[in-house]
Amino acid sequence: MAKNDRFGRLLNEGITSVSKRQSLKKQHVEEEIGERTGYSMHNVQHWQRGNVPEDAETLREIVRYCVGNGRVDKQWAQSLLTAAQFDNATVLLNDLFTEQTRIFISYQRGLEPDESLALELARALSRTGIVFFEQVASIDTAWVRQIQTELARSDLFIVLLSAESITNEVLLLELKRAAALSGEQGAPKLLPIRVRYRAPFGGVVANLVDDLAWGFWDGDTPALIAEVQAVLNGGESGVNSAEKKAALLQDTPAKPAPPKPAAELPSGAIPLDSAYYIERASDDIAHAALQTSGATVVIKGARQVGKTSLLIRLMQNATRVAFIDFQMLQPAKSDADSFYRLFARLLSLRLGVPDGTDLYWSLPLPNPVRTTEYVAGHLLAQANTPLLLAMDEVETIFETDFRTDFFGMLRAWHSQRAIDPRWRNLDMVLVTSTEPYFFIDNLNQSPFNVGEVIELGGFSAENTHTLNQRYGAPFSTGQSVDLHNWLNGHPFLTRRACYLVTEGRVEVEDVLGKKSAEIDGAFGDHLRRLMLMLYERPALATALQQVIHEQRCEDKVALFGLRGAGLVREERGRVLPANQLYANFFNSGSKQ
């Protein structure tokens, strides 16, 4: 076939696109195309000089490879095929751009073997589908739009779950979003893959994937690829029954335990035996409040300030505890009847009391009354010992139509202590990250303004200094002050900074400046999660810009949201960014 310079330019454009997206050298891409087509790298370079391949199958494979691995579109493919005088281009284009399965691979950047495994999966699966394998260079709204778009149109969502990645903020947000989309539109199908991880899942991850079939990888990548291909063809991954899951979790290799890391990875609530928990004045107040029989304690604060960590320490001292994480009740929140009954059953389960809801739910009573009678007559009557009802993430109830009735019921339980002695055995702790007053019409029906109300904020400079010392003083005394000023005592970010420097993953100067906000910086994942959250809530993004530039927020609903997310603080009549890291990162037109 005659030489065609336009074909050569377009082919070079496609190969360059693959090289950038997959972070590969151009020569490596040329070698892969040669392997796919049965030619050498030199033949591919020959084609890039405008020499069109003779056979149609070679052209077809070139287009498939560039579309699946690069960022080229249908117009590029059509132009390349036209320049090559390819017959039946329409059939190939329809196959590539309308029928192919779209696959989203979620993993933690910079973590091995997770990232290498994600790359191998992406390369293998691109032969049969269009794979989105995130390889971004910056954090901006263009990146957010791409994530949201690819999630929304994906058919299969693969998430790599390892001991460290299950705490990654972006991965967890992508998993939550994929699960929500699956429930709303029937796609994507979720495929969790355990990466050398045999421990039980907990919290949100358990809620989202425990009932799904799992994949498992312990070094045999070809077997895993075959397993994923089977899922694409309508099958299930290997760990697809309760028996197989139990066997996987119990089958711990007989190897010496690895040495305990020098520092504790910041992830969620701080364990009771942790040396890195910092007691604050609020701890003493909360513990003292529960010394009185029949106490109500409300713990309010932004995300990641230590609310749940305090809650589990209050639970430790209780005789009987019923712990309810309202995130776990998500499936029942669309129907009041289902929610109240599930709430009552969970209380029975937590207390080891037989489920007696059949009797009480046969009564022609409103749900709050049924639940109240059930707690008083069935749970409190079982033993004359104090019961602590510990409720976490209660702000998720604010989204429901029955929120006023439910919280009015809890307020009534608080008030019943003065009338009915049984209720004096009930202590309640409510934990929320969102200001409740806006969501409850009648404050006289609110449990959030009675008892001991604790506002949990950031660390003091002394707290930051103490935490730094417990990590072995990775920051000097002066640097510890700089760290506190940079993060304004943000508990989670302060712990993360100490951990990363202690483990040698970053240098001190990388934490205390612009580099900390880069895509692979100390706080890159944290900031990416916030960007995703703001993109889904444009009113909050607009309000945050007003806070940054004017130190005020006219939209009070948005202000509640920003405070709950931990993005802003109020000080002497002004609304300010929560810390200098946030102020610098979000005060930039480059995020648009």
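No experiment lies behind these values; they were computed from the predicted model shown. (Residues numbered from 1 in each chain as written. Predicted model: local features only at pLDDT ≥ 70, side-chain atom pairs only at ≥ 80, totals over all residues. Heavy atoms only, no water.)

K.L.:
Can you walk me through the overall build of the chain in this structure?
P.N.:
Per the secondary structure count, the chain includes 26 helices and twelve strands. Over its C-alpha trace the chain gives a radius of gyration of 28 Å, about what one expects of a compact globule, namely 25 Å for 592 residues. Overall, the C-alpha framework of the chain stretches about 95 × 60 × 55 Å when taken along its three principal axes. For the chain, buried positions account for 53% of its 592 residues. Positive and negative side-chain charges of the chain, numbering 61 and 72 respectively, have mean locations separated by a distance of 2 Å. (Helix = DSSP H or I, 4+ residues; strand = E, 2+ residues; numbered from the N terminus. Rg over C-alpha atoms; globule rule 2.2 N^0.38 Å. Buried < 20%, exposed > 50% of the residue type's maximum accessible area, 1.4 Å probe, protein only. Lys, Arg positive; Asp, Glu negative; His and termini not counted. Charge placed at Lys NZ, Arg CZ, Asp CG, Glu CD.)

K.L.:
Please explain the sheet that holds strand 1 (residues 101–106) as it appears in this structure.
P.N.:
Picture the strands of a sheet paired through backbone hydrogen bonds; they go either parallel or antiparallel. The parallel open sheet is built from five strands, whose spatial order is 2-1-3-4-5. If you trace the sheet from one side to the other, it starts and ends with strand 2 (129–133) and strand 5 (215–217), each paired once. The average undirected angle you get between the axes of adjacent strands in this sheet is 20 degrees. Across six bridges, strand 3 (residues 156–161) lies against strand 4 (residues 189–195) in parallel orientation. Opposite Ile-158, over in strand 4, you have Leu-191 as the bridge partner. (Pairing = 2+ DSSP bridges. Axes fitted to C-alpha atoms, helices over the stretch in contact; angles between N-to-C directions.)

K.L.:
Even after reading the chapter, I still don't get the pattern of salt bridges, so can you show me in this structure?
P.N.:
Oppositely charged side chains are able to pair whenever their charged atoms sit close together. According to the stated counting rule, one finds 20 salt bridges in the structure shown. Measuring nitrogen to oxygen at the nearest pair gives 3.4 Å for the salt bridge that ties Glu-61 to Arg-36. One end of the pair, Glu-61, is in helix 4 (residues 56–69); the other, Arg-36, is in helix 2 (residues 26–37), with 25 residues separating them in the sequence. Residue Arg-36 is classed as partly exposed on the basis of its relative accessible area of 22%. Here Asp-525 makes a salt bridge to Arg-528, at a shortest N to O gap of 2.6 Å. Pair noted here: Asp-525 and Arg-528 are both in helix 23 (residues 524–536), with a separation of three residues, about one helical turn. Arg-528 carries the same exposure label as Asp-525, and that label is buried. (Salt bridge = Lys/Arg side-chain N within 4 Å of Asp/Glu carboxyl O.)

K.L.:
For this particular structure, what's the right way to read the environment of Val-72?
P.N.:
By the element assignment, Val-72 lies in the loop between helix 4 and helix 5 (74–83). For Val-72, a relative accessible area of 12% corresponds to the buried category. Placed 59 residues apart in sequence, Val-72 and Val-131 show a C-alpha to C-alpha distance of 13 Å. Not counting the four nearest positions on each side in its chain, Val-72 is found in contact with Gly-14, Ser-17, Cys-66 and Val-67. (Contact = heavy atoms within 4.5 Å.)

K.L.:
Which parts of the structure should I look at to understand the pairing of strand 1?
P.N.:
Taken residue by residue, a regular strand's side chains alternate between the two faces of the sheet. Here strand 1 lies mainly inside the structure; five of its six residues are buried. Bridging between strand 1 and strand 2 involves five bridges; their strand directions are parallel. What sits directly across from Thr-101, in strand 2, is Gly-129. Once you follow strand 1 into helix 7 (residues 114–125) and on to strand 2, the crossover reads as right-handed. Where strand 1 lies against strand 3, four bridges are found, and the strand directions are parallel. Along strand 3, the bridge assignment pairs Ile-103 with Leu-156. (Right-handed = clockwise from strand over helix to strand, strands pointing away.)

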